[in-house]
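# A closer look at the structure
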Amino acid sequence: QVQLVESGGGLVQPGGSLRLSCAASGSIFSSNAMGWYRQAPGKERELVAFITSSGSTHYTDSVKGRFTISTNNAKSTVYLQMNSLKPEDTAVYYCNVGAYFAVVAGHFASWGQGTQVTVSS
């Protein structure tokens, strides 16, 4: 199975930046994609960004131009650089890894604890 540990969240003012990290371990060597998701209270989990094994990156419209997803060389860690943060970005952020279609759909057997991002003045 896959183990996921998210970190890097915190409280930041609008316009500020954070860099989230996700350490993945276990059966991930055959994963085709890695993604970041977020969930605000009372809302469904939303796919924010994902990166494929070929390096192709994709972002939801609301974060395009502000967020950047990347991985380390071993593709065991996925990062989310978050710039120009807005209050609407406030959520618990999660990562996950797996097949392309699983990442796009956000359909996984388990999730990590996530990391809280709060954007407030």
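Structure: above.
Throughout what follows, the structure given in this document is the object of discussion.

Procedures and definitions
- Residues numbered from 1 in each chain as written.
- Predicted model: local features only at pLDDT ≥ 70, side-chain atom pairs only at ≥ 80, totals over all residues.
- Heavy atoms only, no water.
- Patch = residues over 30% accessible without salt bridge, like charges linked within 9 Å, V, L, I, M, F, W, Y side chains within 5 Å.
- Areas by Shrake-Rupley, 256 points an atom, 1.4 Å probe, with all protein chains shown as cover.
- Salt bridge = Lys/Arg side-chain N within 4 Å of Asp/Glu carboxyl O.
- Buried < 20%, exposed > 50% of the residue type's maximum accessible area, 1.4 Å probe, protein only.
- Pairing = 2+ DSSP bridges.
- Helix = DSSP H or I, 4+ residues; strand = E, 2+ residues; numbered from the N terminus.
- Axes fitted to C-alpha atoms, helices over the stretch in contact; angles between N-to-C directions.

This next bit is on a nonpolar patch on the surface. A contiguous nonpolar patch, built from Tyr-100, Phe-101 and Val-104 and spanning about 320 Å² of accessible area, is present on the exposed surface. Note on Val-104: relative accessible area 39%, which makes it partly exposed.

Ordered by their spatial adjacency, six strands build an open sheet running E2-E10-E9-E4-E5-E6, and the pairing between neighbours is mixed. The open sheet has two free edges, formed respectively by strand E2 (10-12) and strand E6 (57-59), since each of these has just one partner strand. Ignoring strand direction, the axes of neighbouring strands in this sheet form an average angle of 20°. Strand direction decides the pairing type here: E2 and strand E10 (residues 115-119), joined by three bridges, are parallel. Bridging from a neighbouring strand, Leu-11 pairs with Thr-118 of E10.

One non-glycine residue with positive phi stands out, namely Lys-75, at about 55°. With respect to the helices and strands, the residue Lys-75 is situated in the loop between strand E7 (67-71) and strand E8 (77-82). Although it is not a glycine, Ser-84 sits at a positive phi angle of roughly 50°. Take Ser-84: it is sitting in the loop between E8 and strand E9 (91-98). Classification of Ser-84 by relative accessible area gives partly exposed; the value is 41%.

In short, geometric facts, not functional conclusions.
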